[in-house]
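Residue-level listing of the chains:
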There are 2 protein chains.
Amino acid sequence: MGRRSVHTADELRELILGASTELIEANGLAGLSAREIARRIGYSPGTLYNIFENLDDLVLTIEGRLLDRLDQALGDVPPASSPTQTVHRLAQAYLRFTHENPKLWNLLFEHHLPPGREVPAWYQTKLEGLLSRVENALAPVLTRSDDKRRAARVLWAGVHGITSLATTDKLSIVSTESAPALVDDLVSAYLKGLGEKQDQLAT
Amino acid sequence: MGRRSVHTADELRELILGASTELIEANGLAGLSAREIARRIGYSPGTLYNIFENLDDLVLTIEGRLLDRLDQALGDVPPASSPTQTVHRLAQAYLRFTHENPKLWNLLFEHHLPPGREVPAWYQTKLEGLLSRVENALAPVLTRSDDKRRAARVLWAGVHGITSLATTDKLSIVSTESAPALVDDLVSAYLKGLGEKQDQLAT
DNA sequence: CCGAAAATGGGACGCCGTTCAGTACATACT
DNA sequence: AGTATGTACTGAACGGCGTCCCATTTTCGG
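Residues numbered from 1 in each chain as written. Chains lettered and ligands numbered in written order. Predicted model: local features only at pLDDT ≥ 70, side-chain atom pairs only at ≥ 80, totals over all residues. Heavy atoms only, no water.

Participant: A description of the interface of chain B and chain A should follow, citing residues and the corresponding values.
Facilitator: Counting from both sides, the interface comprises 44 residues of chain B and, opposite them, 45 residues of chain A. Both faces combined, the contact of chain B with chain A buries some 3800 Å², and carbon together with sulfur accounts for 65% of it. Our count for the contact surface shared by chain B and chain A stands at four salt bridges. The salt bridge involving R150 of chain A is made with D185 of chain B; its shortest N-O contact spans 3.8 Å. Remark: the boundary between chain B and chain A carries 13 residue pairs in polar contact (both at pLDDT 80 or more). Looking at the side of chain B that touches chain A, the elements with two or more residues in it are helix 4 (55–75), helix 6 (102–110), helix 7 (121–138), helix 8 (145–167) and helix 9 (179–202) of chain B. Element by element, the count of residues in the side of chain B that touches chain A is highest for helix 9 of chain B, at 12 residues. Per-class residue counts for the side of chain B that touches chain A are 21 nonpolar, 13 polar and 10 charged. (Contact = heavy atoms within 4.5 Å. Buried area = accessible area lost by both parts, 1.4 Å probe. Salt bridge = Lys/Arg side-chain N within 4 Å of Asp/Glu carboxyl O. Polar contact = N/O pair within 3.5 Å; in protein donor to acceptor, adjacent residues only side chain to side chain. Helix = DSSP H or I, 4+ residues; strand = E, 2+ residues; numbered from the N terminus. Nonpolar A, V, L, I, M, F, W, Y, C, P; charged D, E, K, R; others polar.)

Structural data, given as structure tokens:
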């Protein structure tokens, strides 16, 4: 068979990404297969390889879009009266996002590149963009940029840890329902502790 | 071929677990395959299924032993002068353990059971045992058992988040070298913040 | 209208997990 | 010692997978 031209390359690309996303939302990374994608969109497996280098490339594309969506969700958070409150809002928005897209979110951690292959540069850039949202929220309260960097990373990792344990079947040390309370507790206690430390340094 | 009886069932079990562990340490879960295990130990793939129900069963067994090893490592941590210091030591011991066994540790999060299958009861028990080590360390400083539970979970999840981001290729928001400092920062600021909260409640 | 380029299908290769019938061996019994 | 019994084991088979590639068909430029 030859050129069908019932879909443009871009349309085909979106078809593939759409079908892939559905498969992942249904069954995680394990539910994804080139053959199943092809079946769903009515093309043969080989066609996928005209558009994506391989499945890893496809998955990275989906991950990129997911990071964009999270960035947008965090961007939609209105700044609150205090930096502390803003961080709380960001953390809860992150939590909400992961809760609404659990399988897709897990993709970021389920998926590994084959040994030796590096993550693309734009991927790292997107992550830094997300982190900088937290850093900016912390700016009024932490002036030293090293402190800001560290605090943002600790908070990010902490919230990630909670959501990661909550959305993973394999050990719910943390239940889905308790996650928001834990996140609040982490953010408030950690920031309070940081504040006290600063006071000590100031005296 | 018939019974070889060059190895007892227990020896065979250990051979299989040993080869599997090596494969995972080399290439993560992706490096594990029933056929490759069989090749390495000089048996046919079918033999594995006399001893383990399937690969998931085998992997869960490895995970169980890993959790036991971590439990032992945490048990070897000597109590410090203050509860806060003890928690610091526990956190650093956890970090060290994951750093020394990165691929094996990642197994806990890479591996998912097929949909519908639940984690065995002993697995949950082991996890609770680990958590209770943190709770016990917090006991002198947090009397309300709810507070203890929450604080232990937040700390556990927080440290997990940091190590998880540090040991994952796919985005090193956190570098391996900076992880210990982040863990210290998290523990000290969080506990300080908790202390202040308590003071407030006491007044 | 024809030739060239491009897109696609479909089969092939070498993997995978898992199952199972058959076989060769060790043991138990006579 | 010889035979019967049961079991540990093999190896092939099934249906799946990712990826590659060639033949074919269709579209487009001239």
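Participant: Tell me about the environment of D68 of chain B, residues and numbers included.
Facilitator: Residue and element names in this part refer to chain B. Here D68 is to be found in helix 4. Of the residues examined, D68 reaches a relative accessible area of 38% and is grouped as partly exposed. Between the alpha carbons of D68 and L127 there is a distance of 9.5 Å; along the sequence they are 59 residues apart. At 2.9 Å, the side chain of D68 and the side chain of K126 are in polar contact. (Buried < 20%, exposed > 50% of the residue type's maximum accessible area, 1.4 Å probe, protein only.)

Participant: Tell me about the nonpolar core, and please be specific about residues and values.
Facilitator: Within the largest apolar cluster, 129 residues are counted, with the highest numbers of intra-cluster contacts made by I16, L138, W156 and Y190 of chain A together with L138, W156 and Y190 of chain B. Leaving out residues up to four positions away in the same chain, L138 of chain A has contacts with V87, K148, A151, A152, L155 and L191 of chain A. (Core = buried A, V, L, I, M, F, W, Y, C linked by side-chain atoms within 4.5 Å.)

Participant: Please give an account of the relation of the copies chain B and chain A that cites residues and values.
Facilitator: Superposing chain B onto chain A takes a rotation of 180° plus a shift of 0.0 Å along the axis, which leaves an RMSD of 0.0 Å. One copy is carried onto the other by what is essentially a two-fold rotation axis. The overlap is high: 100% of the interface residues of chain B also sit at the interface in chain A, so the same surface is used on both sides. (Least-squares fit on C-alpha atoms with pLDDT ≥ 70 in both.)

Participant: I'd like a rundown of the packing of helix 4 (residues 55–75) of chain A against helix 7 (residues 121–138) of chain A, residues and numbers included.
Facilitator: Residues and elements named next belong to chain A. Contact geometry of helix 4 with helix 7 gives a least axis separation of 10 Å together with a crossing angle of 15°. Classified by the angle between their axes, helix 4 and helix 7 sit roughly parallel to one another. Helix-helix and strand crossings are classified by hand; for helix 4 and helix 7 the assignment is left-handed. Facing L60, E63, G64, L67, D68, L70, D71, L74 and G75 of helix 4, the residues of helix 7 in contact are W122, Y123, K126, L127, G129, L130 and R133. The class makeup of the residues in the contact of helix 4 with helix 7 is eight nonpolar, three polar and five charged. (Axes fitted to C-alpha atoms, helices over the stretch in contact; angles between N-to-C directions. Parallel < 35°, antiparallel > 145°, perpendicular 65-115°, else oblique. Left-handed = near helix turned anticlockwise from the far one by under 90°.)

Participant: Describe the domain arrangement of chain A, naming the residues involved and giving the relevant values.
Facilitator: Residue and element names in this part refer to chain A. Domain boundaries in chain A define domain 1 (1–52) and domain 2 (59–202). For domain 1 and domain 2, the distance between their C-alpha centres works out to 31 Å. Taken together, the 13 residues of domain 1 in the interface contact nine residues of domain 2. For the pairing of domain 1 and domain 2, the buried interface totals around 930 Å² over both sides, and the portion due to carbon and sulfur atoms is 68%. It is L17, I24 and L29 that lose the most area in domain 1 upon contact with domain 2, and together they represent 51% of the buried surface on that side. The interface formed by domain 1 and domain 2 includes one salt bridge. With a closest N to O distance of 2.9 Å, R65 and E14 form a salt bridge. Between the two partners, domain 1 and domain 2, sit two residue pairs in polar contact (both at pLDDT 80 or more). (Domains from an automatic or database assignment.)

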